[in-house]
Amino acid sequence: MTVSPARRIEEDLLDPDPSGGIRSLLYTVACYVLPALAVFVWLLTLSGQVPAGCVTDFTGGGCDSPRARAIGSFVSGGPRFGLALVTSLLVAMVLRRIGTTWRTATLAMASSVVGGGLSTVLISAVTGEPIG
């Protein structure tokens, strides 16, 4: 029995599990966690040595290694990262509800992009900092 090309494309585009909300949430989390993990591993490759000739302030601080500064910045971005992740999870739930034919990976990527953008605008509106 032969299937027409149009029917085959339609079946390929349909998600075999339209009620797979948990899987789309897990994929959305993976869109955030995997890149963050890769960046963290890269941060560990930075130099742990204090720059030569560094002069400390009167409290003895101010001379951090590039790794310590980068990891500090990475950790201080945690709340914004968390807000973006939660926003993306909410967007994933809404998209799964209205877009039942979307594949799980497509939905996760779309919700990650839209959720990240929404959280950026939200943070900018609350803090008054310009975007960019």
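Up top is the structure these notes are about.
This section reports on the structure supplied with the text. Sequence order as written defines the numbering, with residues in each chain counted from 1. Per-residue local features of the predicted model are confined to residues with pLDDT of at least 70, and side-chain atom pairs are confined, for both listing and counting, to 80 or more; whole-chain, interface and lining totals are unaffected and use all residues. The side-chain values count all of the structure's non-hydrogen atoms but skip hydrogen atoms and water molecules.

Before going further, it helps to examine the overall build of the protein chain. When helices and strands are tallied, the protein chain shows five helices and zero strands. Helix and strand assignments follow DSSP, with helices taken as H or I runs no shorter than four residues and strands as E runs no shorter than two, numbered in order from the N terminus. Along the protein chain, from the amino end to the carboxyl end, the secondary structure elements read α-α-α-α-α. Expressed as a percentage of its 132 residues, the buried residues of the protein chain come to 22%. The contact definition used throughout considers only heavy atoms, calling two residues in contact when any of these lie within 4.5 Å. The long-range fraction of contacts in the protein chain, counting pairs at least 24 apart against all pairs at least 6 apart in sequence, stands at 66%. Here, Shrake-Rupley sampling with a 1.4 Å probe gives the accessible areas, and only protein chains in the shown set may cover a residue. Counting only carbon and sulfur atoms, one obtains 69% of the accessible surface of the protein chain, whose full area is about 9000 Å². Classification of residues uses two cut-offs on accessible area relative to the type maximum, computed with a 1.4 Å probe and protein chains only: under 20% is buried, over 50% is exposed, and between them is partly exposed.

Another aspect to go through is a nonpolar patch on the surface. The grouping of Val39, Trp42, Phe74 and Val75 at the surface amounts to a nonpolar patch, some 390 Å² of accessible area in total. Put simply, the parts of the chain that give the nonpolar patch at least two residues each are helix H2 (21-43) and helix H3 (66-76). When you line up the elements, phenylalanine 74 lands in helix H3. For patch detection, residues must exceed 30% relative accessible area and be free of salt bridges, and they are connected within 9 Å for like charges or within 5 Å for nonpolar side chains (Val, Leu, Ile, Met, Phe, Trp, Tyr). Each reported salt bridge corresponds to a side-chain nitrogen of Lys or Arg within 4 Å of a carboxyl oxygen of Asp or Glu.

A few words on the pattern of salt bridges. According to the stated counting rule, one finds one salt bridge in the structure shown. The shortest N-O distance in the salt bridge between arginine 80 and glutamate 129 comes to 3.5 Å. Within this pair, whereas arginine 80 is found in helix H4 (residues 78-98), its partner glutamate 129 is found in the segment after helix H5 (104-127), the two being separated by 49 residues in sequence.

Lines fitted to C-alpha atoms define the axes, with helix axes restricted to the stretch in contact, and inter-axis angles between N-to-C directions lie between 0 and 180 degrees. Running from N to C, H4 and H5 point in directions that differ by 130 degrees, and their axes come no closer than 7 Å. Here H5 runs oblique to H4, going by the angle between their axes. Crossing of H4 over H5 shows right-handed handedness. Between H4, through Arg80, Leu83, Ala84, Thr87, Ser88, Val91, Ala92, Leu95 and Arg96, and H5, the contact on the second element is made entirely by Thr104, Leu107, Ala110, Ser111, Ser112, Val114, Gly115, Gly116, Leu118, Ser119, Leu122 and Ile123. Residues belonging to the contact of H4 with H5 are distributed by class as follows: eleven nonpolar, eight polar and two charged. An angle below 35 degrees is treated as roughly parallel, one above 145 as roughly antiparallel, one from 65 to 115 as roughly perpendicular, and anything else as oblique. Two helices crossing with the near one rotated counterclockwise from the far one by less than a right angle form a left-handed crossing, whereas a clockwise rotation gives a right-handed crossing. Classification convention: Asp, Glu, Lys, Arg as charged; Ala, Val, Leu, Ile, Met, Phe, Trp, Tyr, Cys, Pro as nonpolar; all other residues, Gly among them, as polar.

This brings us to H5. Expected span, for any helix, means 1.5 Å times one less than how many residues it has. With 24 residues, H5 should reach 34 Å at 1.5 Å per residue; the first-to-last C-alpha distance of 34 Å fits that figure. Every buried residue belonging to H5 is among Thr104, Leu107, Ala108, Ser111, Ser112, Gly115, Gly116, Ser119, Ile123 and Ser124, and all of these are buried. Residues of H5 that are buried make contact with H2 and H4. Among the residues trailing H5, glycine 128 stands out with phi positive, at a value near 80 degrees.

Let's shift gears to the packing of aromatic side chains. Two aromatic rings, drawn from Phe, Tyr or Trp (for Trp, its six-membered ring), form a pair once their centres lie within 6.5 Å of each other, and the interplanar angle then sorts them: stacked below 30 degrees, edge-to-face above 60, tilted otherwise. Within the structure shown, the criterion is met by two aromatic pairs. Geometrically, the ring pair formed by tyrosine 32 and phenylalanine 81 is edge-to-face, given 5.6 Å between the ring centres and 75 degrees between the ring planes. Note that tyrosine 32 is positioned in helix H2 and phenylalanine 81 in helix H4, a separation of 49 residues in sequence. For tyrosine 32, a relative accessible area of 11% translates into the label buried. For phenylalanine 81, a relative accessible area of 34% gives the class partly exposed. Measuring from ring centre to ring centre gives 5.6 Å for phenylalanine 40 and phenylalanine 74, while their planes differ by 40 degrees; the resulting arrangement is tilted. Separated by 34 residues along the polypeptide, phenylalanine 40 in helix H2 and phenylalanine 74 in helix H3 bring together distant segments of the chain. Among the residues examined, phenylalanine 74 registers a relative accessible area of 32% and is labelled partly exposed.

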